[in-house]
Amino acid sequence: MASTQPQQTTLAPPRGSLYVNVATLLLITAMLAGCDRPRTYENQFLAFGTLVEITIHGAERELAEMAFEVARRDFAHMHAAWHAWQPSALTRVNTAIAAGESIDVDADVLPLIERAKSLSRRSRGLFNPAIGRLVELWGFHTDDYTGRRPPSDARIRALIDQNPSMDDLTLEGSQLSSTNPNVQLDFGAYAKGYGIGLVAEHLRAMGIENLIVNAGGDLRAIGAHGDRPWRIGIRHPREQGVFASVETDGDESVFTSGDYERYFEFKDTRYHHILDPRSGYPARHTTSVTVIHTNPGVADAAATALFVAGPSHWPAVAQAMGVRDVMLIDDQGRAHLTASMAARVEFEIDLPPKAVVHDRS
Ligand code: AMP
Ligand code: MG
């Protein structure tokens with residue numbers, strides 16, 4: 001997870017200080033009233049089961065407020081259309097696939113399937129949104145993990161043997177058919193990226209030039225924060241707080257997949273939500289992967305795929321997916337970075353873990 005750290009006055013109260021000193025607030029407001037220095041506005045709401053934060057710099061207040069409303073509506077719409085577990089345009093597709101029927105796919109869902117098909121292939125199947133049944137078997141489609149234990153080997157094996165893949169799906173225009181009724185689509189590893197991209201585009205079309213759309217730490221940052229670039233913090237996979245930070249340039253998205261986001265423990269073993277489609281079990285040897293890319297959908301899918309690829313194989317998969325800036329933290333706490341990521345990342349903790357730079361040129 002990442003967090004943004006704008007350091008100017010904002011509309012929203014600073015995190016962790018609910019009780020703003022009223023006198024201070026009045027003083028700041030009075031100081032700012034006479035000056036037309038560009039302001040930063042922030043707004044937060046819940047969507048996709050996570051906290052979404054929109055940050056806008058240098059726009060008129062009225063425009064920023066309109067943009068917050070537009071973003072809120074866009075997220076609500078996408079959440080409803082793409083929900084994999086409650087009745088939605090996507091679950092209608094899954095029902096048709098399971099019944100062996102072809103279906104005319106809703107225009108909201110079509111681009112998700114088309115793009116995910118190509119990304120899945122480029123990831124060598126490690127990003128595989130066709131494994132919805134496996135996600136459901138593990139129970140990672142819910143948030144309540146009390147008393148959870150891993151499913152039996154036999155049940156996992158039965159789903160793996162069905163070999164669900166995005167290649168089983170054929171699209172002719174908007175007409176979708178599947179050669180495999182065991183495909184169940186779950187875009188949990190991709191929809192947030194694709195959706196953040198759409199919302200950022202929408203706000204930009206409204207004339208907003210400097211913004212961050214951040215959903216639970218995954219974000220697209222466009223423009224800058226005045227004369228300073230946006231600085232993005234990357235969450236420590238095992239401790240509270242920020243582990244490293246990067247500055248974004250122009251239009252970049254920063255996405256992190258981590259084993260700390262959804263997991264349960266059983267007999268001292270952590271079972272997390274990023275599944276290796278080859279074994280059916282949570283991917284091993286990695287705790288987090290951060291990818292920076294100009295396309296937020298690619299960054300999201302790639303972070304998941306490289307997490308599955310693990311500390312030895314991620315460079316080849318990164319290359320196949322066309323991502324250059326990668327940092328993987330392995331289960332020994334070591335950071336593995338591409339040379340381009342090493343050149344831009346700043347470690348924020350006193351003792352950075354041993355960084356292993358992979359030169360992929
Ligand atoms: P992310 O946090 O982007 O890595 O996405 C993780 C979510 O994607 C999980 O909660 C599952 O819903 C789904 N998922 C798990 N493993 C995979 C995988 N190998 N490929 C595609 N989606 C996955
Ligand atoms: Mg992802």
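Residues numbered from 1 in each chain as written. Chains lettered and ligands numbered in written order. Predicted model: local features only at pLDDT ≥ 70, side-chain atom pairs only at ≥ 80, totals over all residues. Heavy atoms only, no water.

### Things to note about the pattern of salt bridges
If the charged atoms of two oppositely charged side chains come close together, the side chains can form a pair. This is how it is decided: For salt bridges, the criterion is a side-chain nitrogen of Lys or Arg within 4 Å of an Asp or Glu carboxyl oxygen. Numbering of helices and strands runs from the N terminus; a helix is a DSSP stretch of H or I covering at least four residues, while a strand is a stretch of E covering at least two.
Applying the stated rule across the entire model yields 20 salt bridges. We note a salt bridge from Arg 231 to Glu 346, for which the minimum N-O separation is 3.3 Å. Within this pair, whereas Arg 231 is found in strand β9 (residues 231-235), its partner Glu 346 is found in strand β17 (residues 346-347), the two being separated by 115 residues in sequence. Beyond isolated ion pairs, a larger network of salt bridges with shared partners links Glu 201, Arg 204, Arg 220 and Asp 251.

### What about helix α3 (residues 89-98)?
For clarity, the threshold we go by: Classification of residues uses two cut-offs on accessible area relative to the type maximum, computed with a 1.4 Å probe and protein chains only: under 20% is buried, over 50% is exposed, and between them is partly exposed. Any two residues whose heavy atoms approach within 4.5 Å are treated as being in contact. Polar contact is the term for a pair of N or O atoms within 3.5 Å; when the atoms are in protein, one must be able to donate a hydrogen and the other to accept it, and sequence-neighboring residues count only if both atoms are side-chain atoms.
When you tally the buried positions in α3, you get seven out of ten residues, the bulk of the element. Looking only at α3, the buried set comprises Ala 89, Leu 90, Thr 91, Val 93, Asn 94, Ala 96 and Ile 97. In this fold, the buried residues of α3 make contact with α2 (61-82), β4 (103-104), α4 (110-122), β5 (169-172) and β6 (175-178). For α3, the side-chain oxygen to backbone nitrogen distance between the N-cap and Leu 90 is 3.1 Å, and the N-cap itself is Ser 88.

### Overview of the side chain of Asp 276
Relative to the helices and strands, Asp 276 resides in the loop between β13 (269-272) and β14 (286-293). By relative accessible area, which is 11% here, Asp 276 ends up buried. Sequence-distant contacts of Asp 276, that is, excluding residues within four places in its chain, are made with Tyr 281, Pro 282, Ala 283 and Val 308.

### Regarding the site of ligand 1
Here is the rule: For this purpose, a residue is taken to be near a molecule or strand whenever a single non-hydrogen atom of the residue falls within 4 Å of it. Using a 1.4 Å probe, the Shrake-Rupley method yields the accessible areas, and only the shown protein chains count as cover for residues.
Taken together, 17 residues form the shell around ligand 1, and within it Asn 128, Asp 186, Ser 257, Leu 275 and Thr 304 come nearest. Contacts to ligand 1 include Ser 257, whose side-chain N or O atom sits 2.6 Å from an oxygen atom. In this structure, a nitrogen atom belonging to ligand 1 sits 2.8 Å away from a main-chain N or O atom of Leu 275. Contact with the protein chains removes 93% of the 510 Å² of surface that ligand 1 exposes when unbound. If one sorts the elements of the shell around ligand 1 by residue count, helix α8 (residues 296-321) sits on top with three residues.

### Regarding the coordination of the magnesium ion (ligand 2)
The condition is simple: With water omitted from the atoms examined, metal sites may look incomplete; donors here are N, O and S atoms no farther than 2.8 Å from the metal, or 3.2 Å in the case of Na, K and Ca.
At this site the magnesium ion (ligand 2) is bound by Ala 189 (O), Asp 300 (O), Asp 300 (OD) and Thr 304 (OG1), with donor distances of 2.0 to 2.5 Å. In primary-sequence terms, the residues that donate to the magnesium ion (ligand 2) follow A-x110-D-x3-T. In this pair, Ala 189 is assigned in the loop between β6 and α7 (191-205) and Asp 300 in helix α8, connecting sequence segments 111 residues apart. Given a relative accessible area of 6%, Asp 300 falls into the buried group.

### Some points on the sheet that holds β4
Put simply, the rule is: Here, any two strands with at least 2 DSSP bridges between them count as paired.
If you trace the three strands from one edge of the open sheet to the other, you get β4-β6-β5, paired in antiparallel fashion. Edge positions in the sheet fall to β4 and β5, since each of these pairs with one other strand and no more.

### Concerning the nonpolar core
Our working rule: Buried residues of nine kinds, namely Ala, Val, Leu, Ile, Met, Phe, Trp, Tyr and Cys, make up a nonpolar core once their side-chain atoms join them within 4.5 Å.
Core analysis: the biggest nonpolar cluster contains 75 residues, and Phe 75, Ile 113, Leu 185 and Phe 187 have the highest contact counts within it. For this core, the leading source of residues is α8, giving 14 residues. With near-sequence residues (within four places) excluded, Leu 185 lies in contact with Ala 84, Leu 90, Val 93, Asn 94, Ile 97, Ile 113, Pro 129, Ala 130, Met 166 and Leu 169. In this structure, Ile 212, Val 246, Met 327 and Ala 335 belong to the second largest nonpolar core, which totals 17 residues.

### Quick word on the environment of Asp 167
Mapping Asp 167 onto the fold places it in the loop between α6 (153-161) and β5. Measuring from C-alpha to C-alpha, the distance between Asp 167 and Thr 179 comes to 9.0 Å, with twelve residues separating the pair along the chain. If sequence neighbours within four positions are ignored, Asp 167 has contacts with Lys 117 and Arg 121.

### Describing the packing of α2 against α7
Rules: Between N-to-C directions, angles span 0 to 180 degrees; the directions come from axes that are lines fitted to C-alpha atoms, helices contributing only their stretch in contact. Angles are sorted into four bins: roughly parallel if under 35 degrees, roughly antiparallel if over 145, roughly perpendicular if 65 to 115, and oblique for all others. Should the near helix be turned anticlockwise from the far one by less than a right angle, the crossing is termed left-handed; should it be turned clockwise, right-handed. By the convention adopted, Pro, Cys, Tyr, Trp, Phe, Met, Ile, Leu, Val and Ala count as nonpolar, Lys, Arg, Asp and Glu as charged, and the other residues, Gly among them, as polar.
Running from N to C, α2 and α7 point in directions that differ by 150°, and their axes come no closer than 10 Å. Considering their axes alone, α2 and α7 lie roughly antiparallel with respect to each other. Helix-helix and strand crossings are classified by hand; for α2 and α7 the assignment is right-handed. Where α2 abuts α7, its residues Ala 67, Val 70, Ala 71, Asp 74, Phe 75, Met 78 and Trp 82 lie against Ala 191, Tyr 194, Gly 195, Ile 196, Leu 198, Val 199, His 202 and Leu 203. A class-by-class count of the residues in the contact of α2 with α7 yields twelve nonpolar, two polar and one charged.

### A short note on α8
Definition in use: In a helix, the anticipated span is given by 1.5 Å times the number of residues less one. Two axes define the bend at a residue: one fitted to the seven residues ending there, one fitted to the seven starting there, and the bend is the angle between them.
A rise of 1.5 Å per residue sets the reference length of α8, with its 26 residues, at 38 Å; its end C-alpha atoms lie only 13 Å apart and thus fall more than 12% short of the reference. If you look at α8, its biggest bend is around 130°, right at Gly 310, and the proline Pro 311 turns up within four residues after that. The buried fraction of α8 is high, at 21 of 26 residues. By the N-cap criterion, in which a side-chain oxygen at the helix start approaches the backbone nitrogen of a residue two or three places on, α8 is capped by Asn 295, the distance to Gly 297 being 2.8 Å. Note on α8: the residue one or two positions beyond its end, Gly 322, has a positive phi of about 70°.

### Brief notes about the packing of aromatic side chains
Stated formally: Any two of the Phe, Tyr and Trp rings considered here, Trp counted by its six-membered ring, make a pair once their centres fall within 6.5 Å; the pair's planes then place it as stacked at under 30 degrees, edge-to-face at over 60, or tilted in between. Charges are assigned to positions over rings by a cutoff of 6 Å between ring centre and Lys NZ or Arg CZ, combined with an angular limit of 35 degrees from the ring normal.
Using the criterion set out here, one finds 15 aromatic pairs in the structure. Where Trp 138 meets Phe 140, the ring centres are 6.1 Å apart and the plane angle is 10°; that geometry is what we call stacked. One residue, Arg 270, lies across the ring of Tyr 263, its end atom 4.0 Å from the ring centre.

Keep in mind that these numbers describe shape and distance, not what the molecule does.
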